[in-house]
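Coordinate analysis (summary)
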Amino acid sequence: MSPRNPLRADPGADRVVPPSGFTASLVLFTAAAMAFLAVFTLALALAAGRLAEEWDSALARSATLRISAPEGQMADQTRTALTLLQQTPGIASARALDDDEQRALLEPWFGPDLPVDDLPVPRLIAIEETDDGFDPDGLRLRLQAEVPGAVLDTHDRWRRPLIEAASRLRLLGWAAISLIGAVTAAMVTLAARAALAANAQVIAVLRLVGATDAYIAGAFVRRFTLRTLTGAAVGTVLGVVAVALMPSGGEAGGFLTDLRFAGWHWALPVLFPPLAALVAWAATRSAARRVLGGLS
């Protein structure tokens, strides 16, 4: 018998590889479960990447000036600081927050009835930078001379750890997808080896009637590849539906409320079934060669 395409239908393959049984159910379930997990892991990795980009773009061009001064000097120091900021190259705009805005910022910690007027709350000035940015060290020196009660916060001390954490979470997601592929390959390999060992007598008879190892291996490769492709397709569809049903927080959404795909990312899960089939093809082919070689 001559070698055949492992993915082409062959009636003889049903006599070599049982169409049902434990190995068939194991491969189908494993492929579906791994594809389902891979879709969620991909959504996690992409959401982490979007979060890092949003934090970087939102915070990289913003800064805050905090002014602490006696009540009689607060207004004068605020006006001086605003004038100085407007004259600083690299600053697009500077605006002092009013009492209502500062009360809204403090409300999550102190409640809605915080008496801002009666407390020595520092005055905050929101700064927006231009694309070129400004020199923070030079600005601090000017503020120290003209507005001694001002403290410049460029958000770097907490922006960088947040972005780094989101980037590491994205890297962890891609590593998890690779691990899912490795687990799929391992499970398919075990299932293929079990099926080959269980059909040792059938394989021996096929060899006696002239079947080559390439024909026998091709039958196993075809059946396990198609099982994996079917299971991965089912798991991918279920995973995409589950991700689509996840709540979206819109503009105010955070990481956990925006665990979804965006734009062309919805097309990426389509790659999982053929990739899973490719992994199964390679794993089954390798397992068939080893087992058939041992049965010689």
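What you see is a predicted model, and the numbers here were worked out from it, not measured in a lab.

Observations concerning the overall build of the chain
Each helix and strand counted, the chain has 9 helices and 4 strands in total. Along the chain, helices and strands appear, N-terminal first, in the series α-α-β-α-β-α-β-α-β-α-α-α-α. Each of the 296 residues in the chain was classed as buried or not, and the buried ones make up 38%. Put simply, of all contacts in the chain between residues at least 6 apart along the chain, 82% involve residues at least 24 apart. Surface summary for the chain: the accessible area is close to 16,500 Å², and the carbon and sulfur share equals 62%.

Details of the sheet that holds strand β4 (residues 150-153)
The strand order β2-β3-β1-β4 describes an open sheet built from 4 strands, whose pairing is antiparallel. With one partner strand each, in any of the chains shown, β2 (91-96) and β4 form the two edges of the open sheet. On average, each strand axis in the sheet is inclined to that of its neighbour by 20 degrees, with strand direction left out of account. Of the pairings in the sheet, the one linking strand β1 (residues 62-67) to strand β3 (residues 123-129) comprises 6 bridges and is antiparallel in character. Bridged to Arg-66 within β3 is Leu-124. Strand contacts of helix α3 (residues 71-86): β1, β2 and β3, with the helix running at about 5 degrees to β3, the strand carrying the most contacts. Of the strands in this sheet, β1, β2 and β4 are in contact with helix α5 (residues 136-146), which crosses β4 at around 170 degrees.

Description of a nonpolar patch on the surface
Where nonpolar side chains cluster on the molecular surface, the patch consists of Leu-271, Leu-275, Leu-278 and Trp-281 and spans about 380 Å² of accessible area. When its relative accessible area of 52% is taken as the criterion, Leu-278 is described as exposed.

Points about the pattern of salt bridges
If you walk through the whole model with that rule in mind, you get 2 salt bridges. For Arg-79, the salt bridge identified is with Asp-76, shortest N-O distance 2.3 Å. You can see Arg-79 and its partner Asp-76 sitting in helix α3, 3 residues apart, about one turn around the helix. What makes Asp-76 partly exposed here is its relative accessible area of 42%. The salt bridge involving Arg-140 is made with Asp-137; its shortest N-O contact spans 3.7 Å. Of this pair, Arg-140 and Asp-137 both sit in helix α5, 3 residues apart, roughly one helical turn. Classification of Arg-140 by relative accessible area gives partly exposed; the value is 33%.

Some details on the environment of Arg-79
Along the sequence, Arg-79 and Val-147 sit 68 residues apart, while their C-alpha atoms lie 9.8 Å from each other. Within the structure, Arg-79 has its side chain in polar contact with the side chain of Asp-76 (distance 2.3 Å).

What about the nonpolar core?
One finds Leu-65, Leu-85, Ile-125, Ile-127, Leu-139, Leu-143 and Leu-152 to be the most contacted residues of the largest nonpolar core, which totals 18 residues. Contributions of two or more residues to this core are made by β1, α3, β2, β3, α5 and β4. Take this core: its biggest share by element is 5 residues, from α3. Not counting residues within four places of it along the chain, the set of residues in contact with Ile-127 comprises Arg-61, Ser-62, Ala-63, Leu-65, Leu-85, Ile-91, Ser-93, Phe-134 and Leu-152. Core analysis: the second largest hydrophobic core is formed by 17 residues, Ile-216, Ala-217, Phe-224 and Ala-288 among them.

Thoughts on the pairing of β3
Look at any regular strand and the pattern is simple: side chains alternate between the two faces of the sheet. Of all 7 residues in β3, 5 are buried; the element is thus mostly enclosed. Of the pairings in the sheet, the one linking β2 to β3 comprises 5 bridges and is antiparallel in character. Counted as the bridge partner of Arg-95 is Ala-126 from β3.

Observations concerning the packing of aromatic side chains
Evaluated as defined, the whole model comprises 1 aromatic pair. Between Arg-227 and the ring centre of Phe-224, over which it is positioned, the NZ or CZ distance is 5.0 Å.

So, the packing of α3 against α5
Where α3 meets α5, the axes come as close as 11 Å, and the angle between the chain directions of the two elements is 150 degrees. Accordingly, the angle class assigned to the pair α3 and α5 is roughly antiparallel. Relative to α5, the crossing made by α3 is right-handed. For the pair α3 and α5, contact is made by Thr-80, Leu-84 and Leu-85 and by Leu-139, Arg-142, Leu-143 and Glu-146, respectively. Of the residues contributing to the contact of α3 with α5, the split by class is 4 nonpolar, 1 polar and 2 charged.

Analysis parameters
Position numbers for residues start from 1 in each chain and track the written sequence from start to end. Restriction of local features to residues with pLDDT of at least 70 applies here, the model being predicted, together with a cutoff of 80 or more for giving and counting side-chain atom pairs; totals for whole chains, interfaces and linings are based on all residues. The side-chain numbers reported here are obtained from all heavy atoms of the structure, hydrogens and water having been left aside. Put simply, DSSP marks the helices as runs of H or I at least four residues long and the strands as runs of E at least two long, and each gets a number from the N terminus on. Only protein chains enter the accessibility calculation, which uses a 1.4 Å probe. A residue is then buried if its area is under 20% of the maximum for its type, exposed if over 50%, and partly exposed in between. Any two residues whose heavy atoms approach within 4.5 Å at even a single point are treated as in contact. Residue burial considers only the protein chains on display, and all accessible areas are found by Shrake-Rupley using a 1.4 Å probe. Any two strands with at least two DSSP bridges between them are considered paired. Lines are fitted to the C-alpha atoms to define the axes, a helix being fitted only along its stretch in contact, and any angle between axes, read from their N-to-C directions, falls within 0 to 180 degrees. The patch calculation keeps residues exceeding 30% relative accessible area without a salt bridge and links them within 9 Å when they carry like charges or within 5 Å when they are nonpolar (Val, Leu, Ile, Met, Phe, Trp, Tyr). Here, a salt bridge means any side-chain nitrogen of Lys or Arg that lies within 4 Å of a carboxyl oxygen of Asp or Glu. Think of a polar contact as two N or O atoms within 3.5 Å of one another; within protein, one of them needs to be a possible hydrogen donor and the other a possible acceptor, and neighboring residues in sequence only count if both atoms come from side chains. For the purposes of this section, nonpolar cores are sets of buried Ala, Val, Leu, Ile, Met, Phe, Trp, Tyr and Cys residues that join through side-chain atoms within 4.5 Å. Note on aromatic pairs: the rings of Phe, Tyr and Trp (six-membered ring only in Trp) are paired at centre separations within 6.5 Å, and the planes decide the class, stacked below 30 degrees, edge-to-face beyond 60, tilted for the rest. When the NZ atom of lysine or the CZ atom of arginine is within 6 Å of a ring's centre and also within 35 degrees of its normal, the charge is said to sit over that ring. Any angle between 65 and 115 degrees counts as roughly perpendicular, while under 35 counts as roughly parallel, over 145 as roughly antiparallel, and the rest as oblique. The sense of a crossing depends on the near helix, which, turned anticlockwise from the far helix by less than a right angle, makes the crossing left-handed and, turned clockwise, makes it right-handed. Each residue gets one of three labels, nonpolar for Ala, Val, Leu, Ile, Met, Phe, Trp, Tyr, Cys and Pro, charged for Asp, Glu, Lys and Arg, and polar for the others, Gly among them.

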